[in-house]
Amino acid sequence: MAREKSSKDNAQALFHSLRSAYAATPVNLKIIDLYVGFAIFTALIQVVYMASVGSFPFNSFLSGVLSCVGTAVLAVCLRIQVNKENKEFKDLPPERAFADFVLCNLVLHLVIMNFLG
Amino acid sequence: MAARPNSLHSCARQRLRRLQKEERISFTLIEMARSLAGFLVLLLVISICEAASLFQPISDSHRSAALELFTSDHGSFKSLEETYEALRTFQILGIEKKPDVTAAACRSISETVGSSSTPKDLFYALKANSIAQCKIHEKASKGIISSLNAAVGGASLLLDFYYSVGGLVLIKDQSSKADIHLADAEGVFRSVKAFSQSDGRWRYSSNNPESSAFAAGIALETLAGIVSLASSELDQSLISTLKNDISKLFDGIEKYDDGTLYFDDKLVDGHEYQGPLSTTSSVLRGLTAFAAATTGNINLPGDKILGLAKFFLGIGVPGDAKDFFYQVDALACLESNRVSVPLILSLSSAVLSLDKKDSLKVRVTTVLGSNAPPLTVKLVGAFSSDSKDASLLESQELKFDQGSGLHILNDLPKSIDVGSYTFVFEVVLQEPEDEKVYVMESQTKVPIFVTGIVKIENSEISILDSDLGSVESQSKLDLGGKNAVSLSANHLQKLRLSFQLTTPRGRAFKPHQAFLKLRHESKVEHIFVVGNSGKQFEIVLNFLGLVEKFFYLSGKYDMELTVGDAAMENSLLVAIGHIELDLPEAPEKAPRPPPQLVDPYSRYGPKAEITHIFRSPEKRPPQELSLAFLGLTILPLLGFLIGLLRLGVNMKNFPTKPVPATFAVLFHVGIGAVLLLYVFFWLKLDLFQTLKAVGFLGVFLVFVGHRTLSHLAAASAKLKSA
């Protein structure tokens, strides 16, 4: 009884600490996180749709899901490069990282549009 | 009937042995007579050992074939040689001269004669003229004579001598001048003779060692021409050496199995090779020309001339114009010559019918079909083709019918039944002087086929019990008419069919075919041969033994009888009726009947039409569901935008100064343009157009983006340092 209560309390305490820590992150990183969340959600909805109606134009399904996943991955890369706490990318200007992000996205979407059918 | 040479020896050997045995008996008159009879039998039988064949003289079929073969283009032929060959053929066969042919011939002759032509062209022109008889101008003929004389003087090859001497002989006959002579006849004679060889053949030139019989014929014709053109008598020794050469040439004559003789040259060079027909024709022409030009006899055995006549007649009607000319020209030489004229015995029909009471009609003519001198034809013997026994009839004379020119034997003797025979004829000339002029075969053997109606009697069919042999059912058949017998039997019974065959002369007859065919409803057939003993033909089918052969098939069988022979005029194939056979069941391992013929149209005919079944399209979800999920997909985007607003997104960092502002705007416009291009790519563009556009836009975007982002970077760096 006491252990349950304590674990529940622990979970709540953990959750709160995470929330406060997250509030401290800079806004641009939060924007990128939001973007990643949006992309993953879109992918999930597409998977649910495929699960319900079948994968008939499989290439279309793949291109839809992979576009979401791909753009999410590129956004994560952008976040890594832009994060000031990341010592590895100290010398990389964030504009440069953003330019890479835009370019890669454009190439990804060209391929996705070709595969969409 | 045609025996090979070794069987001749065996026949002769057998008979010789018999003769020797007879000779040992002491010589009394009776025994002398017997040996003489035996000797006659020997002669007759030896003659049978050779082939019997039938030769026909020239007839109307030749004339119609000649008109077909010698076609001309509005009367003119391709060359003077062909013109001459056509004219000569028509002349020999008695075909009327067509005016356009004669006119065209005269035109080409006068053309050749008028201009300076080679001796060969002049020769053929004059030869054609001897038949067409066109007029030649005095001046032209003088020109011809002088050019031909010059040609004779300057000739070195055999063919040069041939054309020039031959031309002179022809112009001598055709022109009014009778005083055309060869200047040095003996010299020319000797120079032509120089081409001869010891084996009787001649060479074409002194350089070429090849000799041929064709050249021999040409040489003999040339020498005959020289003799006729000589102003004074030539040395007789030359003529007699030439007669020896002719005998030597004829020693080298070749022979076919049926007794025909011919000359042939060795095939050395394809160009020069003439073929047996033209070679033999050339030799014959030379021989007869030489015999006509010289006095005295040329002693050639008559059978050689007969062999040559048979060679030319045995060809029948040639299919080629040149072959036709050679044949007909040679036969014209044989028809009237000073050596000997062959006479040919021929029959209008070699198949005689006993029932129609056909009579044997024989005709004796020359090779071109003209009448022979008075003679009698005797039928000295008839031999059956399967047995080589003595003659079936005695020697009898055939009656001569003046009107038709035929020798007729009205009724065939009783000893001649249906079948194939060899009749032996002998021809005797009535006037003894004719024997010097004409030559005949001593005995002519002719194959004769006799047919007749064979009587079929006492035909009956019956079913017998196998063990007891007692007759269960029996019915008479009328094999000449219709029959519809209906029998039934089981496997323990026998079927018997019997009939009698008798020839018109009352003897037993064994036909080539005597079959009984049983055909089942399923078209399976079985054929049995009907055996005989003497006149009685009988077949017994024991069904007990035939059960397996019939594949255990019970049911209705149709019966058919075939009796046939070449000598039978009433060969028959009749349906007798049917028989219901009851056979036991087939065991497991019994052979199945062979598959019957399938109607070819059903097997190879068109098959059923196949309609293509397309793949059924995939099941698509209902449109409402798809639209619902489309809406659901938009939701995260809305969520993103709301989240951005919640975070306090602003545009404060947007450059305010005009130049960077435009670049920034252009940057966003560029990205928007690329995304719009992607939409168009999905809608209607193809990859290459898109890539081209992306290339241009990309370059623009890179440039603009670089400017904007470097401006932003500079701004943030300034802010940091400050």
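Residues numbered from 1 in each chain as written. Chains lettered and ligands numbered in written order. Predicted model: local features only at pLDDT ≥ 70, side-chain atom pairs only at ≥ 80, totals over all residues. Heavy atoms only, no water.

Draft legend 1. Spotlight on the overall build of chain B. Secondary structure summary: chain B contains 20 helices and 24 strands in total. The proportion of buried residues among the 722 residues of chain B is 43%. Across chain B, the fraction of contacts at a sequence separation of at least 24, relative to all contacts at a separation of at least 6, is 69%. When the accessible surface of chain B is split by element, carbon and sulfur atoms take 56% of a total near 39,800 Å². (Helix = DSSP H or I, 4+ residues; strand = E, 2+ residues; numbered from the N terminus. Buried < 20%, exposed > 50% of the residue type's maximum accessible area, 1.4 Å probe, protein only. Contact = heavy atoms within 4.5 Å. Areas by Shrake-Rupley, 256 points an atom, 1.4 Å probe, with all protein chains shown as cover.)

Draft legend 2. The arrangement of the overall build of chain A in detail. What chain A contains, in helices and strands, is four helices and zero strands. Along the chain direction, N to C, the helices and strands of chain A fall in the order α-α-α-α. Across chain A, the fraction of contacts at a sequence separation of at least 24, relative to all contacts at a separation of at least 6, is 67%. Summing over all exposed atoms, chain A offers an accessible surface of approximately 7,600 Å²; the carbon and sulfur share of this is 68%.

Draft legend 3. Structural context of the packing of helix α4 (residues 80–93) of chain B against helix α5 (residues 99–114) of chain B. Residue and element names in this part refer to chain B. Between α4 and α5, the shortest axis-to-axis distance is 11 Å and the interhelical angle comes to 140 degrees. Taken together, the axes of α4 and α5 are oblique relative to one another. The crossing of α4 and α5 is left-handed. Each of Leu-80, Thr-83 and Leu-87 in α4 lies in contact with α5, whose residues at this interface are Val-101, Ala-105, Ser-108, Ile-109 and Thr-112. Residues belonging to the contact of α4 with α5 are distributed by class as follows: five nonpolar, three polar and no charged. (Axes fitted to C-alpha atoms, helices over the stretch in contact; angles between N-to-C directions. Parallel < 35°, antiparallel > 145°, perpendicular 65-115°, else oblique. Left-handed = near helix turned anticlockwise from the far one by under 90°. Nonpolar A, V, L, I, M, F, W, Y, C, P; charged D, E, K, R; others polar.)

Draft legend 4. Region of the structure containing the UniProt feature "transmembrane region" (unreviewed entry) in chain A. When the UniProt feature table is mapped to this numbering, "transmembrane region" (unreviewed entry) covers residues 34–52, 58–78 and 98–116 of chain A. Strand forms 0% of residues 58–78 of chain A and helix 100%; the C-alpha atoms that close the span are 30 Å apart. (UniProt positions renumbered as here; feature names shortened; annotations may be inferred.)

Draft legend 5. Quick look at the interface of chain B and chain A. Taken together, the 31 residues of chain B in the interface contact 27 residues of chain A. Between chain B and chain A, roughly 2,600 Å² of surface is buried when both sides are summed, and carbon and sulfur atoms account for 84% of that area. Remark: the boundary between chain B and chain A carries zero salt bridges. In this structure, the connection of chain B to chain A is made through two residue pairs in polar contact (both at pLDDT 80 or more). Of all the secondary-structure elements, those providing two or more residues to the side of chain B that touches chain A are α18 (623–647), α19 (658–683) and α20 (687–721) of chain B. Of the residues that constitute the side of chain B that touches chain A, the class distribution is 24 nonpolar, five polar and two charged. (Buried area = accessible area lost by both parts, 1.4 Å probe. Salt bridge = Lys/Arg side-chain N within 4 Å of Asp/Glu carboxyl O. Polar contact = N/O pair within 3.5 Å; in protein donor to acceptor, adjacent residues only side chain to side chain.)

Draft legend 6. Summary view of the side chain of B:Gln327. Turning to its location among the elements, B:Gln327 is positioned in helix α14 (residues 321–335). Excluding its chain neighbours within four sequence positions, the residues that come into contact with B:Gln327 are B:His62, B:Phe312, B:Ile315, B:Gly316 and B:Pro318.

Draft legend 7. Inspection of a negative patch on the surface at higher detail. All names here are of chain B. Together, Glu-521, Asp-558, Glu-580 and Asp-582 make up a region of like negative charge exposed at the surface. Turning to its location among the elements, Glu-580 is positioned in strand β24 (residues 572–582). A relative accessible area of 38% means that Glu-580 is categorised as partly exposed. (Patch = residues over 30% accessible without salt bridge, like charges linked within 9 Å, V, L, I, M, F, W, Y side chains within 5 Å. Lys, Arg positive; Asp, Glu negative; His and termini not counted. Charge placed at Lys NZ, Arg CZ, Asp CG, Glu CD.)

Draft legend 8. Fine view of helix α3 (residues 60–69) of chain B. All names here are of chain B. Here α3 has its buried residues at His-62, Ala-65 and Ala-66. Relative to the axis of α3, the buried residues are bounded by an arc of 105 degrees and lie together on one face. The outward face of α3, more than 90 degrees from its buried face, is lined by the exposed residues Asp-60 and Glu-68. Where the residues of α3 are buried, they touch α4 and α14. (Arc of directions from axis to C-beta.)

Draft legend 9. Quick peek at a nonpolar patch on the surface. Side chains of B:Leu632, B:Ile634, B:Leu635, B:Leu637, B:Leu638, B:Leu641 and B:Ile642 sit close together on the surface and give an oily, nonpolar patch of about 600 Å² of accessible area. Relative to the elements of secondary structure, B:Ile642 occurs in helix α18.

Draft legend 10. Spatial organisation of the sheet that holds strand β8 (residues 375–384) of chain B. All names here are of chain B. Judged by pairing direction, the sheet is mixed, and its five strands sit side by side in the order β6-β14-β12-β8-β9 without closing on themselves. Looking at which strands have only one partner, the edges of the open sheet turn out to be β6 (351–353) and β9 (396–397). Note: β8 against β9, two bridges, orientation antiparallel. Within the sheet, the bridge partner assigned to Leu-379 lies in β9 and is Gln-396. (Pairing = 2+ DSSP bridges.)

Draft legend 11. Spotlight on the packing of helix α12 (residues 276–293) of chain B against α14(B). Residue and element names in this part refer to chain B. In the contact formed by α12 and α14, the axes pass within 9 Å of each other and the chain directions differ by 30 degrees. By the criterion of interaxial angle, the relationship of α12 to α14 is roughly parallel. For the crossing formed where α12 meets α14, the hand is left-handed. Seen from α12, the contacting residues are Leu-277, Ser-278, Ser-281, Leu-284, Arg-285 and Thr-288; seen from α14, they are Asp-323, Tyr-326, Asp-329, Ala-330, Cys-333 and Leu-334. Tallied by class, the residues present in the contact of α12 with α14 amount to six nonpolar, three polar and three charged.

Draft legend 12. Seen up close, the sheet that holds strand β19 (residues 513–520) of chain B. Residue and element names in this part refer to chain B. If you trace the five strands from one edge of the open sheet to the other, you get β17-β24-β23-β19-β20, paired in mixed fashion. On the outer flanks of this sheet lie β17 (485–490) and β20 (525–529), each paired with one strand and no other. Across the sheet, the mean angle from the axis of one strand to that of its neighbour is 25 degrees, orientation sign disregarded. Strand direction decides the pairing type here: β19 and strand β23 (residues 555–564), joined by eight bridges, are antiparallel. Bridge assignment links Leu-518 to a residue of β23, and that residue is Met-559.

Draft legend 13. How the structure looks around the nonpolar core. Residues and elements named next belong to chain B. Core analysis: the biggest nonpolar cluster contains 103 residues, and Leu-168, Trp-202, Ile-226, Phe-250 and Leu-287 have the highest contact counts within it. Counting residues per element, this core draws most heavily on helix α10 (residues 213–229), at twelve residues. Apart from residues no more than four positions distant in its own chain, Ile-226 is found in contact with Val-165, Leu-182, Ala-185, Val-188, Phe-189 and Val-192. By size, the runner-up hydrophobic cluster in this structure holds 69 residues, among which are Val-446, Leu-487, Phe-551 and Tyr-557. (Core = buried A, V, L, I, M, F, W, Y, C linked by side-chain atoms within 4.5 Å.)

Draft legend 14. Region of the structure containing the pairing of β17(B). All names here are of chain B. Only one face of β17 is covered, namely the face carrying Val-485, Leu-487 and Ala-489; the face carrying Ser-486, Ser-488 and Asn-490 is uncovered. The pairing of β17 with β24 spans six bridges and is parallel. Along β24, the bridge assignment pairs Leu-487 with Ile-579.

Draft legend 15. How the structure looks around the confidence of the model for chain B. On average, residues of chain B carry a pLDDT of 84, and 92% of them reach 70 or more. This prediction of the complex comes with two scores: 0.60 for pTM and 0.88 for ipTM. (pLDDT = per-residue confidence, 0-100.)

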